[in-house]
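Chain residues, written in single-letter form:
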Amino acid sequence: PKTNTPQMSEFDSASLEQARLFGERTSHKISYLRKLYFLLFLIFACAAEDVYMSLSHTAHYVPWLLDNGILAIGIAIAQLILLISVNLAKDFFSTSIVNWVAYAVWLALTAFNVTSLGVWADIRHETLMVGLNITLVSFSLLIYSFTTKYDLTVTGGSVFIIVSNLLGYEFFLIATDLSFWTMIIITAITIVFGLYFVFVSHESASKDVVVN
């Protein structure tokens, strides 16, 4: 026998959405995730661009970086101090102006430190692939957050993560001479990072809609 299953109308869905707490509403969670993915995209896009500049201007940039090791160590310590300070003084860093200033400083320090690591370890091409893959992951998640009409899911985000990593793999397969296994390992690492990040960010969005 056929059973009539009641369907929820658009009016009922809207009423249910309004009945939720502020942080539980889908629209606010998506807004939170859009900000988070955009900020992550900027960080790794700048880091990848800085690594690329070190490859394009090897004759000038690399010797300068190698000759100023103390500066690089100081900047790494400064980033560690900033990280500890943000965790110890969240109320202070949560104010709008201080929040953005701290983010801009963190972005610049990350780009410099990632490039320094690539130069010192002589793995600039590998570092560039990691940075570019994570940039593609965050950008694809940003696109996902703008195109979905419903709540973002880990499953949906996983599809975007895998596709964006495959695009990065294809690009480096064509444009560089990195070994096959190196690219496979890097792609696997960035996929795992992307899956972990989308899971953690989704859980975080369910609890809090304030970007710390």
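Residues numbered from 1 in each chain as written. Predicted model: local features only at pLDDT ≥ 70, side-chain atom pairs only at ≥ 80, totals over all residues. Heavy atoms only, no water.

**Description of the side chain of T127**
Our working rule: Strands here mean DSSP runs of E at least two residues long; helices mean DSSP runs of H or I at least four residues long; both are numbered from the N terminus. We call two residues in contact whenever any of their non-hydrogen atoms come within 4.5 Å of each other.
Position of T127 relative to the elements: it lies in helix α7 (residues 124–147). When residues no more than four places from it in sequence are discounted, the contact partners of T127 are V51, V114 and G118.

**Some thoughts on the packing of aromatic side chains**
Let me state the cut-off plainly: Aromatic pairs are defined between Phe, Tyr and Trp rings, using the six-membered ring for Trp, whenever the two ring centres lie within 6.5 Å; interplanar angles under 30 degrees are classed as stacked, those over 60 as edge-to-face, and all others as tilted. The buried label applies to any residue whose accessible area, calculated with a 1.4 Å probe on protein chains only, is under 20% of its type's maximum; exposed applies above 50%, and partly exposed to all values in between. In our convention, an over-ring charge means Lys NZ or Arg CZ found within 6 Å of a ring centre and within 35 degrees of that ring's normal.
Taken as a whole and assessed by the stated rule, the structure comprises 10 aromatic pairs. For the ring pair Y144 and F160, a centre distance of 4.9 Å and an interplane angle of 25° mean the geometry is stacked. Here the residue Y144 occupies a position in helix α7, and F160 occupies one in helix α8 (residues 154–175), the gap between them amounting to 16 residues. Residue class for F160 comes out partly exposed when judged on its relative accessible area of 28%. Aromatic side chains F180 and W181 sit 5.2 Å apart centroid to centroid with 75° between the ring planes, which places their arrangement in the edge-to-face category. Ring pairing ties together the aromatic residues Y37, F44, F193 and F197, which thus form one cluster. Above the face of the F146 ring, R34 is positioned so that its terminal group lies 4.3 Å from the ring centre.

**Some words on the confidence of the model for the protein**
Under the convention used in this document: Residue-level confidence of the predictor is what pLDDT reports, using numbers from 0 through 100.
Residues of the protein with pLDDT of at least 70 account for 83%, and the chain-wide mean is 84. Segment residues 10–24: pLDDT under 50, and 15 contacts once partners within four positions in sequence are set aside and those in other chains are kept.

**Quick look at the environment of C46**
When you line up the elements, C46 lands in helix α2 (residues 26–56). Residue classification places C46 among the partly exposed residues on the basis of a relative accessible area of 28%. Separated by 89 residues in the primary sequence, C46 and T135 have C-alpha atoms spaced 9.1 Å apart. Excluding residues within four positions of it along the chain, C46 makes contact with L107 and A111.

**Details of α8**
Applicable threshold: One less than the number of residues in a helix, times 1.5 Å, gives the span that helix is expected to have.
Relative to the 32 Å expected for 22 residues at 1.5 Å per residue, α8 spans 31 Å between its end C-alpha atoms, a close match to the ideal helical length. Of all the positions in α8, only G156, G157, S158, I161, S164, N165, G168, Y169 and F172 are classed as buried.

**Re the nonpolar core**
Definition in use: What is meant by a nonpolar core is a set of buried Ala, Val, Leu, Ile, Met, Phe, Trp, Tyr and Cys residues, joined one to another through side-chain atoms within 4.5 Å.
Within the largest apolar cluster, 20 residues are counted, with the highest numbers of intra-cluster contacts made by Y37, L141, L152 and F197. Of all elements in the fold, only α2, α6 (96–120), α7 and α9 (180–207) reach the threshold of two or more residues within this core. Among the elements that line this core, the one with the most residues is α2, at 9 residues. Grouped together as the second largest cluster of nonpolar side chains are 11 residues, L65, I75, L82 and V119 included.

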